[in-house]
Amino acid sequence: MKINTSEFIISAVKREQYPVDNRVELAFVGRSNVGKSSIINAITNRRKLVKVSQTPGKTRLINFFLINNDFYMVDLPGYGYAKVSKKEKASWGNTVETYLTGREQLKRVVLLVDCRHKPTGDDILMYNWIKHFGYDVIVIGTKSDKLSRMNLMKSQKVIKDTLKLTSEDKLYFFSSLNKEGRDELIDLIFDDVVE
Ligand code: GTP
Ligand code: MG
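Residues numbered from 1 in each chain as written. Chains lettered and ligands numbered in written order. Predicted model: local features only at pLDDT ≥ 70, side-chain atom pairs only at ≥ 80, totals over all residues.

Description of the nonpolar core
Item 1. If you look at the biggest cluster of nonpolar residues, it comprises 41 residues, and the most contacted ones within it are V110, L111 and L112.
Item 2. Ranked by the residues each element gives to this core, the list is headed by strand β5 (residues 106-114), at five residues.
Item 3. In this view, V110 contacts L26, F28, I138, I140 and I189; residues no more than four positions away in its chain are not counted. (Core = buried A, V, L, I, M, F, W, Y, C linked by C-beta atoms within 7 Å. Buried ≥ 20, exposed ≤ 12 C-beta atoms within 10 Å, placed from the backbone. Helix = DSSP H or I, 4+ residues; strand = E, 2+ residues; numbered from the N terminus. Contact = placed C-beta atoms within 7 Å.)

Re the confidence of the model for the chain
Item 1. Taken over all residues, the pLDDT of the chain has a mean of 94, while the share at 70 or more is 100%.
Item 2. Of the two predicted TM-score estimates for the complex, the pTM is 0.97 and the ipTM is 0.99. (pLDDT = per-residue confidence, 0-100.)

Some points on the site of ligand 1
Item 1. Close to ligand 1 lie 24 residues; G35, S37, S38, T59 and G78 are nearest.
Item 2. Looking at the shell around ligand 1, the element that brings in the most residues is helix α1 (residues 36-44), giving three residues.
Item 3. Residue composition of the shell around ligand 1, grouped by class: five nonpolar, 14 polar and five charged. (Near = placed C-beta within 6 Å. Nonpolar A, V, L, I, M, F, W, Y, C, P; charged D, E, K, R; others polar.)

Structure, rendered in structure tokens:
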């Protein structure tokens, strides 16, 4: 698959604000700061399509990006960021949950985990949620430029064991910085859901 065009469409909180067409949607989920927004920039080969920040909690709304005028990539707020108030956490949680549940055109939920850290309890919950709702599991170990080949092997085992990945589940390492293996990543993510 080739990404030809990408454009920001809308930031949404409530259902009424989501795009109203029936195009397929793919969403990226994971902890705050794991690299969800960055991977959308890497996939689309755009440096500033999506706003990225070193400070966790950058993405607070649901952002829809229209790709090839054909489908949407959806950037979600991250979970697990300690430094926001309980109220704010609950409101982001609600925003994400409202989107993820009962969105018919959502065909893929890609789980991102930082390859340097053991997946957290929240990551395990998210993994189980993805399984429960019958989505294929695609886990991306992000920021792979930060680890040596040997440590990536170790990380692979830690992620597999912690999330209890099965043989059908896919795990792929990626760096949005050097974008090595971008074509394979694109094939993996869009396989079966978009032409
Ligand atoms: P929230 O919006 O807060 O949920 O975060 P996010 O998951 O969207 O993360 P974001 O893409 O904003 O990236 C967070 C930080 O990690 C930024 O400083 C990025 O530059 C950095 N980052 C993202 N991907 C990579 C990567 O592959 N390698 C390296 N070295 N840094 C990365
Ligand atoms: Mg973000």
